[in-house]
Amino acid sequence: MKAYRHLFFDLDHTLWDFERNADETLRHLYEQHNLGRFGNFTVDEFISRYSEVNHGLWRLYQANKITQEQLRSVRFVRALGKFGVPEDEVPATISSDFTDILPQKSAVFPYCYEVLDYLRDRGYELHLITNGFKDVQYVKLASSKLTDYFQEIVTSECSGCLKPDRRIFEHALERSGAKAPESLMIGDNLECDVLGAYNAGIDQVYFNPDKRRHSAEVTYEISCLSELKCFL
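Remember, it's a predicted structure, so these values are computed and weren't measured experimentally. (Residues numbered from 1 in each chain as written. Predicted model: local features only at pLDDT ≥ 70, side-chain atom pairs only at ≥ 80, totals over all residues. Heavy atoms only, no water.)

Our focus in this paragraph is the pairing of strand 1 (residues 6-9). Residues His-6 and Phe-8 point to one face of strand 1 and Leu-7 and Phe-9 to the other, with burial holding for every one of them. With 4 bridges connecting them, strand 1 and strand 2 (residues 125-130) associate as parallel partners. By the bridge assignment for strand 2, Phe-8 is matched with His-127. By the bridge criterion, 4 bridges tie strand 1 to strand 4 (residues 183-187) in an arrangement that is parallel. Of the residues in strand 4, the one forming a bridge with Leu-7 is Leu-184. (Buried < 20%, exposed > 50% of the residue type's maximum accessible area, 1.4 Å probe, protein only. Helix = DSSP H or I, 4+ residues; strand = E, 2+ residues; numbered from the N terminus. Pairing = 2+ DSSP bridges.)

See the structure below:
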């Protein structure tokens, strides 16, 4: 078994349960802004359409085709527009309300704390590499009591590039004083986390809780964070 010293984690969808936290937030916003008054979509339909639009915009953002500001400003306009809601009737503060409320949620994946405690006690140096926005990610970490586990928190904003660009991984290695052969990246995204780390010479753990079928070559694959204890 290869000896690793530095473990780099993704945050959203890997440790912090983005889907659960976003679902709670969107349900709150549906009630807060009385979106039911439009009369032609349920809260579940709203959440489904928002998620579809948001994922598409994030793909554009990660490809450097739109900015952070554009992503934030259009996602609710587009999602509600799918139901025929005119742009001038979209609640003016719904996007900022989402950005304020979401990171205060604290749900994490099963065994998150247990595994992080285990790894830290075993002497691994733990770090984060995230494409999420710095102002939001630090609040998420504090809300879910994850901050103190990590020695380096590398965001796309501080590195000037996004995963899967190898430069963000190289920046993380430099920041942490790590070397690629002694490092391991753990994340849920085959392109951003797995391929990005591979291109930087870093071994990878693909976190695949839904057990999605794929043909990618990965160093390790797990469906539960507790499985990290099997080889670390």
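After that view, the rundown keeps rolling.
Quick look at the pattern of salt bridges now. Tallying each qualifying case throughout the model produces 16 salt bridges. When the shortest N-O distance is used, the salt bridge between Lys-105 and Glu-24 registers 3.6 Å. Of this pair, Lys-105 sits in the loop between helix 4 (94-101) and helix 5 (112-121) while Glu-24 sits in helix 1 (residues 18-32), and the two are 81 residues apart along the sequence. Residue classification places Glu-24 among the partly exposed residues on the basis of a relative accessible area of 34%. With a closest N to O distance of 2.6 Å, Asp-44 and Arg-27 form a salt bridge. Of the two residues, Asp-44 sits in helix 2 (residues 43-62) while Arg-27 sits in helix 1, which places them 17 residues apart along the sequence. A relative accessible area of 45% means that Asp-44 is categorised as partly exposed. (Salt bridge = Lys/Arg side-chain N within 4 Å of Asp/Glu carboxyl O.)

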